[in-house]
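Report on the structure
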Amino acid sequence: MNDSLDVNRPGKHTYSLAELALGNRDSGDDTLTCITNGAGPSVVVCGGIHGDEYEPQIVLRRLIASLDATDVAGRLIIIPSLNFPAAHDGRRVSVKDGLNMNRTFPGDRNGSVTQRLSAFLNDALFPHCDLLVDVHAGGSGCIVVPMVFGWTSGQCSMTERDLDGLMETWGYPYVQHVPVVDTTSCGAALIARIPSIEIEGGGGSLSASELELMLAGLRRGLRAYGVLKAAADVDADADAAADAMKADPVIHLDVTDDNQYFAPVTGVIEHTVALHDFVEAGQVVALMHSVDGAYATQEVLARRPGHVLRQSTLGFVGQGAPVGNTGTPRRPA
Ligand SMILES: [Zn+2]
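Residues numbered from 1 in each chain as written. Predicted model: local features only at pLDDT ≥ 70, side-chain atom pairs only at ≥ 80, totals over all residues. Heavy atoms only, no water.

On to the environment of Asp6, then. With respect to the helices and strands, the residue Asp6 is situated in the segment before β1 (11-16). Here Asp6 falls in the partly exposed class, since its relative accessible area comes to 36%. Here the alpha-carbon distance between Asp6 and Cys34, two residues 28 residues apart in the chain, equals 8.6 Å. Here Asn8 takes part through its backbone nitrogen, which lies 3.1 Å from a polar atom of the side chain of Asp6. (Helix = DSSP H or I, 4+ residues; strand = E, 2+ residues; numbered from the N terminus. Buried < 20%, exposed > 50% of the residue type's maximum accessible area, 1.4 Å probe, protein only. Polar contact = N/O pair within 3.5 Å; in protein donor to acceptor, adjacent residues only side chain to side chain.)

Given below as structure tokens:
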């Protein structure tokens with residue numbers, strides 16, 4: 001592995017992420033792969049910002065293995081497990097500092113391990129980045145439908161319309177519209193005038209179909225953006241399989257605070273609807289069984305109509321814990 005990053009060096013090269021980001025391997029190590037080939041856009045794809053989100057970390061390794069330098073036009077930098085100290089423990093956050101990495105951007109070069117890893121993305125990679133793709137999953141505590149969301153602004157090279165179009169090429173059933181949070185990777189990208197796309201889907205234990213869907217979406221999206229060459233130059237079978245999984249039509253959703261629903265009491269969750277179901281405002285979406293001796297049941301109601309996007313996979317939760325959320329379809333403009 002290489003210890004100093006040269007993003008302009010032609011070919012496919014793998015680097016020590018620990019050396020690049022932390023200057024040592026004291027916290028273990030993982031990889032960054034940079035594939036540079038001629039003219040084209042420069043894209044950074046990362047996974048594992050939350051260490052218990054396993055699907056992206058597997059899928060990004062498969063993507064790296066599937067690509068030769070000649071499959072890329074421009075530059076593709078892939079980091080399967082950005083928060084590797086957390087990932088190597090299978091935990092959402094690192095035991096080094098307990099920080100939620102996706103609230104630590106733009107990071108701090110002199111800070112804790114997690115803050116320094118964030119600062120590496122922000123300070124060392126954003127200057128070489130036209131588009132950030134940050135891949136997440138439900139993690140160990142919830143399960144999420146496949147969805148794509150993203151951000152751009154008048155100060156970025158991509159219009160809202162082009163970003164919407166690019167997100168639709170992922171072929172996922174939902175494009176979600178939510179406000180950006182400045183301290184996320186995508187929030188920091190927006191401040192750095194870089195458009196970004198965040199991917200969600202899966203969670204809990206791994207499913208093969210979820211992995212295939214995630215890889216297919218990435219292949220379609222990166223091809224549409226132009227950093228992966230057209231089907232003739234890459235694995236045509238993989239692209240055909242990717243296209244076969246494409247959702248049509250794609251539903252655009254708004255998600256606000258009122259789309260979330262929470263546990264009214266400490267107890268056991270019984271979901272009464274399934275992921276993707278469309279529920280009305282006021283509809284019962286879960287029952288909470290209190291454990292204070294009575295096992296009394298309380299209804300949890302949807303506050304806004306929409307498709308069920310996310311559900312807790314925890315059986316037992318404390319009062320106020322998230323149980324799930326919906327996304328409300330946008331009215332046609
Ligand atoms: Zn995450």
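On to unusual backbone geometry, then. Phe105 connects to Pro106 through a cis peptide bond whose omega is 10 degrees. Mapping Pro106 onto the fold places it in the loop between α3 (84-87) and α4 (113-125). Backbone geometry at Arg193 places phi at a positive 65 degrees, although glycine is not the residue there. For Arg193, a relative accessible area of 49% translates into the label partly exposed.

Looking at the zinc ion, one finds its protein donor set to be His50 (ND1), Glu53 (OE), Glu53 (OE) and His136 (ND1), positioned 2.0 to 2.4 Å from the metal centre. One chain supplies every donor to the zinc ion, and in sequence these donors are spaced H-x2-E-x82-H. Here Glu53, found in the loop between β3 (42-47) and α2 (54-66), pairs with His136, found in the loop between β5 (131-135) and β6 (142-151); they are 83 residues apart in sequence, far enough to count as distant. In this pair, the class of Glu53 matches that of His136, namely buried. (Donors = N, O, S within 2.8 Å, 3.2 Å for Na, K, Ca; no water.)

Further remarks concern the pairing of strand β7 (residues 174-177). Along any regular strand, the residues point their side chains to alternate faces of the sheet. The alternating pattern of β7 places Tyr174 and Gln176 and Val175 and His177 on opposite faces, both of which are buried. Pairing of β6 with β7, which is carried by 3 bridges, proceeds in the parallel orientation. Residue Met147 lies in a different strand from β7, and its bridge partner there is Tyr174. In this structure, β7 lies alongside strand β9 (residues 251-254), joined through 4 bridges in parallel fashion. Across the sheet, the residue bridging to Val175 is His252, located in β9. (Pairing = 2+ DSSP bridges.)

At a closest axis distance of 9 Å, the pairing of α2 and helix α7 (residues 208-225) adopts a crossing angle of 55 degrees. It follows that α2 is oblique to α7 by the angle criterion. Seen along the crossing, α2 lies across α7 with a hand that is right-handed. Residues Glu55, Pro56, Ile58, Val59, Leu60, Arg62, Leu63 and Ser66 of α2 lie in contact with α7, whose contacting residues are Leu211, Met214, Leu215, Leu218, Arg219 and Leu222. (Axes fitted to C-alpha atoms, helices over the stretch in contact; angles between N-to-C directions. Parallel < 35°, antiparallel > 145°, perpendicular 65-115°, else oblique. Left-handed = near helix turned anticlockwise from the far one by under 90°. Contact = heavy atoms within 4.5 Å.)

To continue, consider the environment of Val285. On the secondary structure map, Val285 appears in strand β13 (residues 284-290). Remark: the alpha-carbon pair of Val285 and Arg103, spanning 182 residues in sequence, is separated by 29 Å. Those residues within four positions of Val285 in sequence are excluded, and the remaining contacts are Tyr261, His271, Thr272, Val273, Val279, Val300, Leu301 and Ala302.

All chains considered together, the criterion is met by 1 aromatic pair. Between the aromatic rings of Phe149 and Trp151, the centroid separation amounts to 5.7 Å while the plane-to-plane angle is 85 degrees, which identifies the pairing as edge-to-face. Accessibility expressed as a relative area gives 6% for Phe149, which makes it buried. We classify Trp151 as buried; its relative accessible area is 10%. (Phe/Tyr/Trp six-rings, centres within 6.5 Å; stacked < 30°, edge-to-face > 60°.)

Looking now at α2. Helix length check: α2, at 13 residues, gives a terminal C-alpha distance of 19 Å against a target of 18 Å (1.5 Å per residue), a fit within 8%. Residues of α2 that are buried: Glu55, Pro56, Gln57, Val59, Leu60, Leu63 and Ile64. (Expected span 1.5 Å × (residues − 1).)

Along the polypeptide, His177 turns up in strand β7. A distance of 2.8 Å separates the side chain of His177 from the side chain of His252, its partner in a polar contact. Not counting the four nearest positions on each side in its chain, His177 is found in contact with Asp164, Met167, His252, Leu253, Asp254, Val255 and Arg330.

As far as domains go, the chain holds domain 1 (11-253) and domain 2 (256-329). One C-alpha centre belongs to domain 1, the other to domain 2, and the line joining them spans 29 Å. With 15 residues of domain 1 in contact, the opposing surface of domain 2 contributes 13 residues. Summed over both sides, the interface between domain 1 and domain 2 buries roughly 1,100 Å², with carbon and sulfur atoms accounting for 64% of that surface. Interface area lost by domain 1 to domain 2 is led by Ile143, Val145 and Leu253, which between them contribute 40%. Across the domain 1-domain 2 interface, the total number found is 1 salt bridge. In this structure, the salt-bridge partner of Glu200 is Arg310, at a minimum N-O distance of 4.0 Å. The tally of links from domain 1 across to domain 2 stands at 5 residue pairs in polar contact (both at pLDDT 80 or more). Those elements giving two or more residues to the side of domain 1 that touches domain 2 turn out to be β6, β7 and β9. Top element by residues in the side of domain 1 that touches domain 2 is β6. It accounts for 6 residues. Among the residues making up the side of domain 1 that touches domain 2, the classes are represented as 10 nonpolar, 4 polar and 1 charged. (Domains from an automatic or database assignment. Buried area = accessible area lost by both parts, 1.4 Å probe. Salt bridge = Lys/Arg side-chain N within 4 Å of Asp/Glu carboxyl O. Nonpolar A, V, L, I, M, F, W, Y, C, P; charged D, E, K, R; others polar.)

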